[in-house]
Amino acid sequence: MRVLLVGAGGVGTAITRIAARRRFFDAMLVADFDPARAEAAVAAVGDDRFAAAQVDASNEAAVTGLLRRHACDVLLNATDPRFVMPLFRAARAADATYVDMAMSLSHPHPEQPYTECGVKLGDDQFALAGEWEKAGALALVGMGVEPGLSDVFARYAADELFDEIEEIGVRDGANLTVDGYDFAPSFSIWTTIEECLNPPVVYEEGRGWFTTEPFSEPEVFDFPEGIGPVECVNVEHEEVLLVPRWVDAGRVTFKYGLGKEFIDTLRTLHLLGLDSTAPVTVPSPAGPVAVSPRDVVAACLPDPATLGERMHGKTCAGTWVRGTKDGAPREVYIYHVVDNQWSMKEYGSQAVVWQTAVNPVVALELLAGGAWSGSGVLGPEAFPARPFLDLLTAYGSPWGIREQ
């Protein structure tokens, strides 16, 4: 297997550090718009299977050419969701397998954004599923931690833990703190704004997908391994769009433990228009410059990949499932916890980016060995869960189940 990894930020760099310990691939070309980032990621692993390159992820032809020149048979997308579609199309043009951790962007319903879906997450990718199926090619979408591992947990619950599932709810929470910062998101603020301020999507059997207002339906969820109770709210996320395609469930939701301060900050950004991606013209010493307000916010905040030494605590990703087994009610929380102290000591990557990065590497190893295979545009739920969970444990990162 020869892999083109596009994106050498926090998650991309963590991917190289995890993959360097495995032998399932022959080469990994790490490409980024900033060649220094790609070179730094490669230099840190000290492995001659890795090489660096420069590429603009929005330039489909350039990415296609890079795939062909280096004979890469897999494109792993570690960029933010703006670049999903050019990378997705480039992989198809080069006849390469495609893997991402976030799907194509949504667009709210123009008249009723808080009740009706407009363009849903992943719709642009699923619209091209026929092309991938006809070619016998695979696009594995949403293969991070959330979406990704959370979807694997949903498949595992359906296959091994339940006869009938009434509700699946992905619940994400943490007790992470960052020394020296009053506000320092542990993941890409660009992506965080996108998913938190868009109308959340809920799925119900018989009704299908519909939307609610941001931060709706607050609930306190008790997270394991010392994290404890965290207030969680509805947030737009891919699992709600993926899980019902392959797993029978009466209701599917995603709720994120954000906390009041974080929610208030995001609401203020929205009130001021600083969440917008539409360029505005601002003066500069060199003359008027067009910039995106959201890009300015991201530039003003610390790079999450650099916060590991200042971070303390744990992050938890998991899937809560309620249903019946052998005629009796059952309720479980299947989860994966990463301690920042462990991930920094073991890999030099902070917990949130490491937890995201490990899952596509596990998936690539399963694809390379043939334990996972398929064609079309498929989510993690389309594959057997047990091989993934066993391999994740073999990577030294076990998961758990808590009866509720």
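> Quick question: what am I supposed to make of the sheet that holds strand β4 (residues 74–77) here?
Hydrogen bonds along the backbone pair up the strands of a sheet, which may run parallel or antiparallel. Strands sit in the order β3-β2-β1-β4-β5-β6-β19 across an open sheet of seven strands; the sheet is parallel. Of all the strands in the sheet, the pair left with one neighbour each is β3 (50–54) and β19 (376–378). Neighbour-to-neighbour, the strand axes of this sheet turn through a mean angle of 20°, independent of strand direction. Looking at chain direction, β4 and strand β5 (residues 97–100) are connected through four bridges and run parallel. Counterpart to Asn77 in the pairing with β5 is Asp100.

> Whenever I open this one, unusual backbone geometry confuses me. Can you help?
With an omega of 0°, the peptide bond running from Glu146 to Pro147 counts as cis. Mapped onto the elements, Pro147 comes out in the loop between β6 (138–140) and α7 (149–161). Phi at Asp95 is positive, roughly 60°, even though this residue is not glycine. Its location among the elements puts Asp95 in the loop between α4 (84–93) and β5. For Glu225, which is not glycine, the phi dihedral falls at a positive 55°. For Glu225, the location among the structural elements is in the loop between β11 (219–223) and β12 (228–234).

> Sorry if this is basic, but what is going on with the pattern of salt bridges here?
Pairing between side chains of opposite charge can happen when the charged atoms of each approach one another. Taken as a whole, this structure holds 24 salt bridges when the rule is applied. A salt bridge links Arg251 to Glu167; its shortest N-O distance comes to 3.4 Å. You can see Arg251 sitting in strand β13 (residues 251–256) and its partner Glu167 sitting in strand β7 (residues 164–174), a full 84 residues away along the chain. Looking at Glu167, the relative accessible area reads 10%, which means it is buried.

> Is there a simple way to think about the side chain of Asp32 in this case?
Positionally, Asp32 belongs in strand β2 (residues 27–32). For Asp32, a relative accessible area of 7% gives the class buried. Within the structure, Asp32 has its side chain in polar contact with the backbone nitrogen of Asp34 (distance 2.8 Å). Leave out the neighbours within four places in its chain, and Asp32 touches Gly7, Ala8, Gly9, Arg37, Ala38, Ala53, Gln54 and Val55.

> Quick question: what am I supposed to make of the packing of helix α8 (residues 189–197) against helix α11 (residues 293–300) here?
Look at α8 against α11: their axes get within 9 Å of each other, and the N-to-C directions meet at 130°. As the angle between them shows, α8 and α11 are arranged oblique. Residue-level inspection shows Ile189, Trp190, Ile193 and Glu194 of α8 in contact with α11, the latter providing Arg294, Asp295, Val297 and Ala298. Tallied by class, residues from the contact of α8 with α11 come to five nonpolar, no polar and three charged.

> How do you make sense of the packing of aromatic side chains when you look at a structure like this?
Two aromatic rings, taken as a pair, are described by how far apart their centres are and by the angle between their planes. As enumerated under the stated definition, the model contains 19 aromatic pairs in all. Between Phe183 and Phe262 the ring centres are 5.2 Å apart and the planes differ by 45°, which places this aromatic pair in the tilted class. Placement of the pair is Phe183 in the loop between β8 (177–178) and α8 and Phe262 in helix α10 (residues 260–271), with a sequence separation of 79 residues. These aromatic residues form a ring-pair network of at least three members: Phe221, Phe223, Tyr333 and Tyr335.

> Sorry if this is basic, but what is going on with the state of the cysteines here?
For the structure shown, the criterion picks out zero disulfides. Lacking any disulfide linkage, Cys316 is separated from the closest cysteine sulfur, that of Cys232, by 9.7 Å. Cys316 gets classed as buried once you look at its relative accessible area, which sits at 0%.

> Mind showing me how you'd approach the pairing of β12 here?
Regular strands place their side chains on alternate faces of the sheet. Most of β12 is tucked away: five of the seven residues are buried. With five bridges joining them, β11 and β12 adopt antiparallel strand pairing. Within β12, the position partnered with Asp222 by the bridge is Pro229. Adjacent in sequence and paired antiparallel, β11 and β12 are bridged by four residues, among which Glu225 carries a positive phi angle near 55°. Relative to β13, β12 runs antiparallel, the two sharing two bridges. Paired with Asn234 across the two strands is Lys255, which belongs to β13.

> Would you explain a nonpolar patch on the surface in this entry?
A cluster of nonpolar residues, Leu271, Leu272 and Leu274, forms a patch on the protein surface that exposes about 320 Å² of accessible area. Considering the arrangement of structural elements, one finds Leu271 in helix α10. You can call Leu271 exposed: its relative accessible area is 72%.

What counts, and at which threshold
Residues numbered from 1 in each chain as written. Predicted model: local features only at pLDDT ≥ 70, side-chain atom pairs only at ≥ 80, totals over all residues. Heavy atoms only, no water. Pairing = 2+ DSSP bridges. Helix = DSSP H or I, 4+ residues; strand = E, 2+ residues; numbered from the N terminus. Axes fitted to C-alpha atoms, helices over the stretch in contact; angles between N-to-C directions. Salt bridge = Lys/Arg side-chain N within 4 Å of Asp/Glu carboxyl O. Buried < 20%, exposed > 50% of the residue type's maximum accessible area, 1.4 Å probe, protein only. Polar contact = N/O pair within 3.5 Å; in protein donor to acceptor, adjacent residues only side chain to side chain. Contact = heavy atoms within 4.5 Å. Parallel < 35°, antiparallel > 145°, perpendicular 65-115°, else oblique. Nonpolar A, V, L, I, M, F, W, Y, C, P; charged D, E, K, R; others polar. Phe/Tyr/Trp six-rings, centres within 6.5 Å; stacked < 30°, edge-to-face > 60°. Disulfide = S-S within 2.5 Å. Patch = residues over 30% accessible without salt bridge, like charges linked within 9 Å, V, L, I, M, F, W, Y side chains within 5 Å. Areas by Shrake-Rupley, 256 points an atom, 1.4 Å probe, with all protein chains shown as cover.

By themselves these figures say nothing about function.
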